[in-house]
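Here are the chains, one letter per residue:
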Amino acid sequence: MAILRSLDWLGRLRFADARDPANLPLTPQPLDAKRLMEEMHAVTPDGQRVYHGFAAFRWIAWQVPPLWLVAPFLYLPGVPRLGQQMYLWVAKNRFHLVPCHDGQCQVPSMRDASPKGR
């Protein structure tokens, strides 16, 4: 989320904690709490469309300027299928890929990731 927040120069994204149902947007069909914990979801501003997983990433790519150049390539044949598979693998393994405590993860900053003494 921190990375997406930093890329959201136009303030188009709103972030909601899936563990707090009071903060979830209203949609024509209720959002599935279990699935919200498994995959990122993106709800359009009018609340009429819900994207999840790779499709949510694709929708977000059109919202944040630094990803505009990448967004068209996310529709090439084969990319959505491969992208969803990769997304699900990362989502499933996210707690092992970045430091997490009680289901909340932090991505190390570049300063933390750089070798000491440089």
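Refer to the preceding data block for the structure.
An account of the accompanying structure is given in this report. Computed from a predicted structure; not experimentally measured.

**Re the side chain of E39**
Examined against the element boundaries, E39 turns out to sit in the loop between helix 2 (33–38) and strand 1 (41–43). At 3.3 Å, the side chain of E39 forms a polar contact with the side chain of H52. Residues in contact with E39, not counting those within four places in the same chain, are H52, G53, Q84, Y87 and L88.

**As for the nonpolar core**
By size, the foremost hydrophobic cluster in this structure holds 14 residues, and its most contacted members are L13, A42, W59, I60, A61 and V64. Elements with a contribution of two residues or more to this core: helix 3 (54–63) and helix 4 (79–97). Here the element with the most residues in this core is helix 3; it accounts for 5 residues.

**Examining the packing of aromatic side chains**
One pass over the structure, following the stated rule, counts 3 aromatic pairs. Pairing F54 with F57 gives two aromatic rings, centres 6.3 Å apart and planes at 35°, and the pair type is tilted. Taken as a pair, F54 and F57 lie in helix 3 at a separation of 3 residues, close to a single helical turn. Between W62 and Y75, the aromatic rings sit 6.4 Å apart at their centres with planes inclined by 45°, giving tilted as the arrangement. Placement of W62 in helix 3 and of Y75 in the loop between helix 3 and helix 4 is noted, with a sequence separation of 13 residues between them.

**Things to note about the pattern of salt bridges**
Applying the stated criterion to the full structure yields 3 salt bridges. The closest approach of N and O atoms between R19 and D17, which form a salt bridge, is 3.1 Å. Classification of R19 as partly exposed rests on a relative accessible area of 42%. Taking the relative accessible area as the measure of exposure, D17 reaches 35% and is therefore partly exposed.

Thresholds applied
Residues numbered from 1 in each chain as written. Predicted model: local features only at pLDDT ≥ 70, side-chain atom pairs only at ≥ 80, totals over all residues. Heavy atoms only, no water. Helix = DSSP H or I, 4+ residues; strand = E, 2+ residues; numbered from the N terminus. Polar contact = N/O pair within 3.5 Å; in protein donor to acceptor, adjacent residues only side chain to side chain. Contact = heavy atoms within 4.5 Å. Core = buried A, V, L, I, M, F, W, Y, C linked by side-chain atoms within 4.5 Å. Buried < 20%, exposed > 50% of the residue type's maximum accessible area, 1.4 Å probe, protein only. Phe/Tyr/Trp six-rings, centres within 6.5 Å; stacked < 30°, edge-to-face > 60°. Salt bridge = Lys/Arg side-chain N within 4 Å of Asp/Glu carboxyl O.

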